[in-house]
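What follows is each chain in one-letter form.
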Amino acid sequence: MTLSPARVPVAAPGVRRLTATLYGYSFLDEFVLLYPVYTLLFADTGLSVGQMSSLFVLWSATGVLLEVPSGAWADAVSRRLLLWLGPLLGAAGFALWVFVPSYWAFAAGFVLWGARGAMGSGALEALVYEELERLGAADRYARIMGRAQAAGQVAVMTAMALAGPVFAAYGYPAVGAASVLACLLCAATATRFPEHRGPATAVPDGEGWAASLRSGLGEARRDRSVRGALLLVPAVAAVWGALDEYTPLLARDTGAADATIPYLLVMIWAGVTAGSLLAGPAERLGRRGFAALLTASALALAAGAGAGTPAGLALVAVAFGGFQLATVLADARLQQRIEGTGRATLTSVAGLGTELVTITVYGTYAQLASTTAHGTAFALLAVPYLLVALLVAPRR
């Protein structure tokens, strides 16, 4: 006879505590005033464009190398541990950038920042899903994670709005100190996450990290539906996530004044936030509805980017909102299909796939943008979503 942990009835106070902690954590995790100005800090320190590019590569490589090992560690030890340790690493990295600025300090900061991201990826989703499952509220996962991501996106927009006046008044030290403080508050908030690892979800004592890794990868090998869900996450999340880095260039190509570009970017982020908030009502979309969502978003991206006007960016905002919604739904479907002890490991595998595809999109975009306009490059990179929609759509 197999013993499993008893299902706890839906307890509103328990769900409220979890969601309040999650929303606060998500907001503070993204409330970093350095985000809009750190490239200016690099340039003012004397770094060349080539040196900056090498830092971005180091950042991505750190995430790729640590993504899956950190997920296995979370399964073997504690998801909450990684969620409060990660922001402390980020705080140390930002402090290095601002108070001892140099190429090597920036490099160390990017390694710490990459480690921070890897620690949170997989651990957060696994902790939230299993706590909701314990409380009998797993069916609310997509809605809750959508709202959490919306909180993070609001934090980004708020940080962008505050960074300008703070920087103008007090310079890099004040922006850096505010970023370090946000990381410390984020770590403190993470300590309030509930974590109950029952006999069926915790890794047995003494088996450790390697057993967590084997358990997670073994489930993906055995279960075709888990493999499909793993592949869907990077297929949905990577392309638009990479294109987001180039939206300022797309906006400039429309003829918009530089002073207007931040407002156009806020409009796009508002679309992403709306997509996050729609995750609850959309979580019952079947394969046909999911394919239709990807198709409509891809067409909106191609039309909006190809228009070459500031007004066309409204369609880009709609497209990004659709892709964000699809990303939340793809994560929810992955969590629903995982049944073993390697939930954080498998979620990190999906994150690793997203990182690798994102790097590929960066290279592809560089090639396209060297020979075509940014709007054309955006439109061409909408095509992969049409292919994914064809694969997802049910067959007769």
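Refer to the structure printed above.
So, how was this worked out
- Residues numbered from 1 in each chain as written.
- Predicted model: local features only at pLDDT ≥ 70, side-chain atom pairs only at ≥ 80, totals over all residues.
- Heavy atoms only, no water.
- Helix = DSSP H or I, 4+ residues; strand = E, 2+ residues; numbered from the N terminus.
- Buried < 20%, exposed > 50% of the residue type's maximum accessible area, 1.4 Å probe, protein only.
- Contact = heavy atoms within 4.5 Å.
- Areas by Shrake-Rupley, 256 points an atom, 1.4 Å probe, with all protein chains shown as cover.
- Salt bridge = Lys/Arg side-chain N within 4 Å of Asp/Glu carboxyl O.
- Axes fitted to C-alpha atoms, helices over the stretch in contact; angles between N-to-C directions.
- Parallel < 35°, antiparallel > 145°, perpendicular 65-115°, else oblique.
- Left-handed = near helix turned anticlockwise from the far one by under 90°.
- Nonpolar A, V, L, I, M, F, W, Y, C, P; charged D, E, K, R; others polar.

(A) Geometry of the overall build of the protein chain. Scanning the protein chain for helices and strands turns up 17 helices and zero strands. Within the span of the protein chain, comprising 396 residues, buried residues form 50% of the whole. A fraction of 83% describes how many contacts in the protein chain between residues 6 or more apart in sequence connect residues 24 or more apart. Element-wise, carbon and sulfur atoms account for 66% of the exposed surface of the protein chain, whose accessible area totals about 17200 Å².

(B) View of the pattern of salt bridges. Counted by the stated rule, this structure contains three salt bridges. Linking Arg79 and Glu130 is a salt bridge whose minimum nitrogen-to-oxygen distance equals 3.1 Å. Remark: Glu130 occurs in helix α6 (residues 123-134) and Arg79 occurs in helix α4 (residues 79-99); sequence separation between them is 51 residues. A relative accessible area of 1% places Arg79 in the buried class. Residue Glu130 is classed as buried on the basis of its relative accessible area of 7%.

(C) Here's a closer look at the packing of helix α7 (residues 141-190) against helix α11 (residues 261-277). Between α7 and α11, the least distance of the axes is 7 Å, while the angle of their chain directions is 165 degrees. It follows that α7 is roughly antiparallel to α11 by the angle criterion. Every pair of crossing elements has a handedness; the one defined by α7 and α11 is left-handed. Facing Gly146, Arg147, Gln149, Ala150, Gln153, Val154, Val156 and Met157 of α7, the residues of α11 in contact are Val266, Trp269, Ala270, Val272, Thr273, Ser276 and Leu277. Classifying every residue of the contact of α7 with α11 gives nine nonpolar, five polar and one charged.

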